[in-house]
Amino acid sequence: MIYYIVFGILIICFLLTCYCNKAMIDEKKKRNLKVMIYILLAIDFIFILFF
């Protein structure tokens, strides 16, 4: 069960990274997306460590 969550978060991070690089959005929104991606990766890392 926890592996589905971990891989789901990794796939979401990958898709958000692709969107952030390809989309025509301003720099402030790109920076916010990158921060959100890093937060999701940190949550994913915590899941891997503690579960």
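Residues numbered from 1 in each chain as written. Predicted model: local features only at pLDDT ≥ 70, side-chain atom pairs only at ≥ 80, totals over all residues. Heavy atoms only, no water.

Caption draft 1: A look at the nonpolar core. Counting residues in each nonpolar core, the largest one holds 6 residues, listed as Ile9, Cys13, Leu16, Cys20, Leu33 and Ile37. Only α1 (2-22) and α2 (27-50) provide two or more residues apiece to this core. The biggest single contributor to this core is α1, with 4 residues. With near-sequence residues (within four places) excluded, Cys20 lies in contact with Lys30, Leu33 and Lys34. (Core = buried A, V, L, I, M, F, W, Y, C linked by side-chain atoms within 4.5 Å. Buried < 20%, exposed > 50% of the residue type's maximum accessible area, 1.4 Å probe, protein only. Helix = DSSP H or I, 4+ residues; strand = E, 2+ residues; numbered from the N terminus. Contact = heavy atoms within 4.5 Å.)

Caption draft 2: View of α2. Spanning 24 residues, α2 covers 35 Å between terminal C-alpha atoms, matching the ideal 34 Å at 1.5 Å per step. Among all positions in α2, only Lys30, Leu33, Ile37 and Asp44 are buried. Contacts made by the buried residues of α2 are with α1. (Expected span 1.5 Å × (residues − 1).)

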